[in-house]
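Overview (structure and organization)
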Amino acid sequence: MSETIAFKPESLQQVHKIMARYPEGRQKSALLPVLHLAQKEFGGWLDVPVMDYVAELLSIKPIEVYEVATFYTMFNMKPVGKYVLEVCRTGPCMVRGSEKILDHIRTKLNIKDGQTTEDGMFTLKPAECLGACGYAPMLQLGKFFHENLTIEKVDEILDLCREGQVDLG
């Protein structure tokens, strides 16, 4: 028996509030914030039934949701760990050592790009330009940037995550 997908009442109220920002017939404009709510509420990723539910709420076609959800790297299309380490790998970060940071994380956590640790705690997600080129190398963890990274800073971040001391925003 499959479980019914539905927002909690307070989240559904927030969805309707978001939709009300846009004129009648323009509810698709609410898609990004509604997908963020869905991802947060339904386990940190967007399963096809969840995306179908969002499409139904917004009165749009499921393909319109899939196109947006798969385009933006901020949406996860498969289960992820509690902590998603998005390490920038574009030019300025690469020049300043992001590949060394990525290699260290891969080795330390024994995972490859896009994988999650066996304990479900960490997912490594290389990212394209996170917009902090002047502070390279950097990673995003939740809503926060960690900049001017060194191996030592990365180890400290991982330890704080393991201790539950990291705010994801």
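Residues numbered from 1 in each chain as written. Predicted model: local features only at pLDDT ≥ 70, side-chain atom pairs only at ≥ 80, totals over all residues. Heavy atoms only, no water.

Some points on the packing of helix H2 (residues 31-41) against helix H3 (residues 48-58)
Taken N-terminus to C-terminus, the directions of H2 and H3 make an angle of 140°; their axes are 11 Å apart at the nearest point. Considering the angle they form, H2 stands oblique to H3. Here H2 runs over H3; the crossing is right-handed. Listed contacts from H3 to Leu31, Val34, Leu35 and Ala38 of H2 are Val50, Val54 and Leu58. Among the residues making up the contact of H2 with H3, the classes are represented as 7 nonpolar, no polar and no charged. (Axes fitted to C-alpha atoms, helices over the stretch in contact; angles between N-to-C directions. Helix = DSSP H or I, 4+ residues; strand = E, 2+ residues; numbered from the N terminus. Parallel < 35°, antiparallel > 145°, perpendicular 65-115°, else oblique. Left-handed = near helix turned anticlockwise from the far one by under 90°. Contact = heavy atoms within 4.5 Å. Nonpolar A, V, L, I, M, F, W, Y, C, P; charged D, E, K, R; others polar.)

Observations regarding the UniProt feature "binding site: [2Fe-2S] cluster" (unreviewed entry) in the protein chain
Using the residue numbers shown here, the UniProt feature "binding site: [2Fe-2S] cluster" (unreviewed entry) corresponds to Cys88, Cys93, Cys129 and Cys133. A compact arrangement is adopted by the annotated residues: their sequence extent is 46 residues, whereas the largest C-alpha distance between any two is 9.2 Å. Note that cysteine 88 resides in strand S1 (residues 83-88). Not counting residues up to four positions away in its chain, the partners in contact with cysteine 88 are Cys93, Ser98, Ala127, Cys129, Leu130 and Met138. (UniProt positions renumbered as here; feature names shortened; annotations may be inferred.)

Quick look at the environment of alanine 30
On the secondary structure map, alanine 30 appears in the loop between helix H1 (9-19) and H2. Residue class for alanine 30 comes out buried when judged on its relative accessible area of 0%. Separated by 13 residues in the primary sequence, alanine 30 and lysine 17 place their C-alpha atoms 9.7 Å from one another. Setting aside residues no more than four positions away along its own chain, alanine 30 makes contact with Ile18, Met19, Tyr22 and Leu58. (Buried < 20%, exposed > 50% of the residue type's maximum accessible area, 1.4 Å probe, protein only.)

A word on the sheet that holds S1
The sheet built from 4 strands is open, its strands ordered S2-S1-S3-S4 with mixed pairing. Strand pairing shows two members of the sheet lacking a second neighbour, strand S2 (122-127) and strand S4 (144-146), which therefore form its edges. In this sheet, adjacent strand axes meet at a mean angle of 25° when their direction is disregarded. Pairing of strand S3 (residues 139-141) with S4 involves 3 bridges; the strand directions are antiparallel. Across the sheet, residue leucine 139 finds its bridge partner in S4, namely histidine 146. On top of the sheet, helix H6 (residues 98-109) reaches S1, S2 and S3; it is set at about 150° to S1, its chief contact. (Pairing = 2+ DSSP bridges.)

As for the environment of isoleucine 151
Mapped onto the fold, isoleucine 151 is located in helix H7 (residues 151-162). Here the alpha-carbon distance between isoleucine 151 and leucine 102, two residues 49 residues apart in the chain, equals 9.7 Å. Sequence-distant contacts of isoleucine 151, that is, excluding residues within four places in its chain, are made with Lys100, Ile101 and His104.

Here's the deal with the state of the cysteines
With the rule as written, the count across this model stands at 0 disulfides. Left unpaired, cysteine 129 is separated from the closest cysteine sulfur, that of cysteine 133, by 4.1 Å. On the accessibility criterion, cysteine 129 (44% relative accessible area) is partly exposed. (Disulfide = S-S within 2.5 Å.)

Notes on H6
End to end, H6 covers 16 Å across 12 residues, agreeing with the expected 16 Å (1.5 Å per residue, within 8%). Residues of H6 that are buried: Ser98, Ile101, Leu102, Ile105, Arg106 and Leu109. Down the axis of H6, the buried set is contained in an arc of 135°. They therefore lie on one face. The outward face of H6, more than 90 degrees from its buried face, is lined by the exposed residues Lys100 and Thr107. Packing partners of the buried residues in H6 comprise S1, helix H5 (91-95), S2, S3 and H7. Downstream of H6 by one or two residues, asparagine 110 has phi in the positive range, about 55°. (Expected span 1.5 Å × (residues − 1). Arc of directions from axis to C-beta.)

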